[in-house]
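Each chain, written out:
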Amino acid sequence: MTVRQQIVHGYFEGFRRSDHEAILACLTDDVVWHIHGVRTTRGKAEFDDEIENPAFEGSPDLTVDRTIEAGDVVVVTGTGQGRHREAGPFRFAYNDLFTFRGDLIAQVDSYIVPLG
């Protein structure tokens, strides 16, 4: 596993534990997170607010199925489950593209598909 792949897997482990410090340590100060079809956050402060979005309860259960690296991008596909405060439990498939600047994540493009 490359250094960048290890950083991405550490990022996911941070989300599994809602460990803000671990996640934020992986990011550039000007990080951009596009959650396509939902919202875009800019900078670490906005990113930090989204780690434990108040619409959700607890930490997500995330499974990584595949990790692919090409140039400055690491792509991860997988599935997850979480709990929305109003709608209850939900399952989803995801595809995240991590664009690196050096050894830090500068941009995350998240594509999330609800599963029945």
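What counts, and at which threshold
- Residues numbered from 1 in each chain as written.
- Predicted model: local features only at pLDDT ≥ 70, side-chain atom pairs only at ≥ 80, totals over all residues.
- Heavy atoms only, no water.
- Helix = DSSP H or I, 4+ residues; strand = E, 2+ residues; numbered from the N terminus.
- Contact = heavy atoms within 4.5 Å.
- Salt bridge = Lys/Arg side-chain N within 4 Å of Asp/Glu carboxyl O.
- Buried < 20%, exposed > 50% of the residue type's maximum accessible area, 1.4 Å probe, protein only.

Asks: Can you walk me through the environment of isoleucine 35 in this structure?
Replies: Within the fold, isoleucine 35 resides in strand β1 (residues 27–35). Distance in space between the C-alpha atoms of isoleucine 35 and aspartate 48 is 14 Å, their sequence separation being 13 residues. In contact with isoleucine 35, not counting residues within four places along its chain, are Glu50, Ser110 and Ile112.

Asks: Would you explain the pattern of salt bridges in this entry?
Replies: Working definition: two side chains of opposite charge can pair if their charged atoms are close together. Using the criterion set out here, one finds nine salt bridges in the structure. Between arginine 4 and aspartate 72 there is a salt bridge whose closest N-O contact spans 3.1 Å. Residue arginine 4 is located in helix α1 (residues 3–17), and its partner aspartate 72 is located in the loop between β3 (56–70) and β4 (73–84); the two are separated by 68 residues in the primary sequence. Given the relative accessible area of 43%, aspartate 72 is considered partly exposed. The residue arginine 17 makes a salt bridge to aspartate 19 at a minimum N-O spacing of 2.7 Å. With relative accessibility at 45%, the residue arginine 17 sits in the partly exposed group. Residue classification places aspartate 19 among the partly exposed residues on the basis of a relative accessible area of 25%. Through salt bridges with shared partners, one network takes in Glu13, Arg16, Arg17 and Asp19.

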